[in-house]
Amino acid sequence: MFNCEKNTTRPFTVIVEGNIGSGKTTFLDYFNQYENISVLAEPLKMWRNCNGHNLLGLMYEDPKKWSFTFQSYVSLTMVQHHCHRSPHPIKLMERSVYSARYCFVEKMKRDSILSEPATAVIDEHFQWLINNPSTAVDLVVYLRTTPEVAYERIIQRNRKEEKTISFDYLKELHDIHEDWLFYKNLHHCPAPVIVLNANLDKSSIEEEYQKCQSHILNAIPISVQG
């Protein structure tokens, strides 16, 4: 079993999860002001340029053809974030290997976009990864939004790769996140979960962030009820 943080102390690790358009970037920007936190945003630039190939764009254009390739690369880049040797005692990650498998691969599996053999390969890789100490997580922050709010935000930010996302797709992805992190009846939660109301706009969302601020800044690995 590999250990990419050998001979280092693993930082208190928080993964920030939520649907597309749930406000993860805004959350990370808020906590980026603190000097003792390493903030790792989703590696969109890498997904858009893997040796000149926009894997994110290809996946949205032809999911049946490119989802396995894309998810394989997502897994690699997420593991790199899990293994990042933070110079700070606290690390915030936008998404994780867990949501990659439990939410996005789950959706592709249900839609038969990924074949059973392809899913089996991803699962074998995933099980190997999560048995490594470097993918351990101390806290999950779930930015809970309604699909309606998430869809409106996606329209407003107007990313070219996201133009094909339908409301039905977001609704189904929302339900998977809910089952995993809110109702906790789908898959395993790797750490205690704090649930925040991410429907709030930017003028009032900071007060909501403060509900988990002490747990993050003080690195409190306690059981939290969402």
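Residue positions are given per chain, counted from 1 along the sequence in the order it is written. Only residues with pLDDT of 70 or above have their local features reported here, since the model is predicted, and side-chain atom pairs are shown and tallied only from 80 upward, although totals for entire chains, interfaces and linings are computed over all residues. For the side-chain quantities, the full set of heavy atoms in the structure was used; hydrogens and water were omitted.

The protein chain goes by Deoxynucleoside kinase domain-containing protein in an unreviewed UniProt entry, where it is assigned to Exocentrus adspersus. UniProt positions are given in the numbering used here, feature names are shortened, and annotations may be inferred rather than shown by experiment. Word for word, the UniProt comment on the protein chain under Sequence similarities (unreviewed entry) is "Belongs to the DCK/DGK family."

Draft legend 1. Looking closely at the pairing of strand β3 (residues 90-94). Type-normalised accessible area, obtained with a 1.4 Å probe on protein chains alone, sets the label of each residue: buried when under 20%, exposed when over 50%, and partly exposed for intermediate values. Secondary structure elements follow DSSP: runs of H or I of four or more residues count as helices, runs of E of two or more count as strands, with numbering from the N terminus. Of all five residues making up β3, five are buried, and the element is well covered by its neighbours. Taking every second residue as pointing to the same face, both faces of β3 are buried, with Ile90, Leu92 and Glu94 on one and Lys91 and Met93 on the other. Relative to β3, strand β1 (residues 12-18) runs parallel, the two sharing five bridges. Following the sheet pairing, valine 14 is matched in β3 by leucine 92. Between any two strands, at least two bridges found by DSSP are needed for them to pair. Bridge count between strand β2 (residues 37-40) and β3: four bridges; the pairing is parallel. If you follow valine 39 over to β3, its bridge partner there is leucine 92.

Draft legend 2. Geometry of the layout of surface pockets. A 1.4 Å probe that fits into a set of points on a 1 Å grid over the protein atoms alone but cannot get out defines a cavity; an open set with protein on both sides within 12 Å along at least five of seven lines defines a pocket, and lining residues are those with an atom within 4 Å of a point. Grid points are joined across faces, edges and corners, and a volume is the space filled by probe spheres set on the points. In this structure, the largest pocket spans a volume of roughly 760 Å³. As for the largest pocket, its lining consists of 39 residues, of which Gly21, Lys24, Thr25, Arg157 and Arg159 are closest to the centre. Listed by contribution, the elements that provide at least two residues to the lining of the largest pocket are α1 (24-31), α2 (44-48), α3 (55-61), α4 (63-82), α5 (97-110), α7 (147-157) and α9 (205-217). The nonpolar class holds Ala, Val, Leu, Ile, Met, Phe, Trp, Tyr, Cys and Pro. Asp, Glu, Lys and Arg form the charged class, and all remaining residues, Gly among them, are polar. Within the lining of the largest pocket, the residues separate by chemical class into 19 nonpolar, nine polar and 11 charged.

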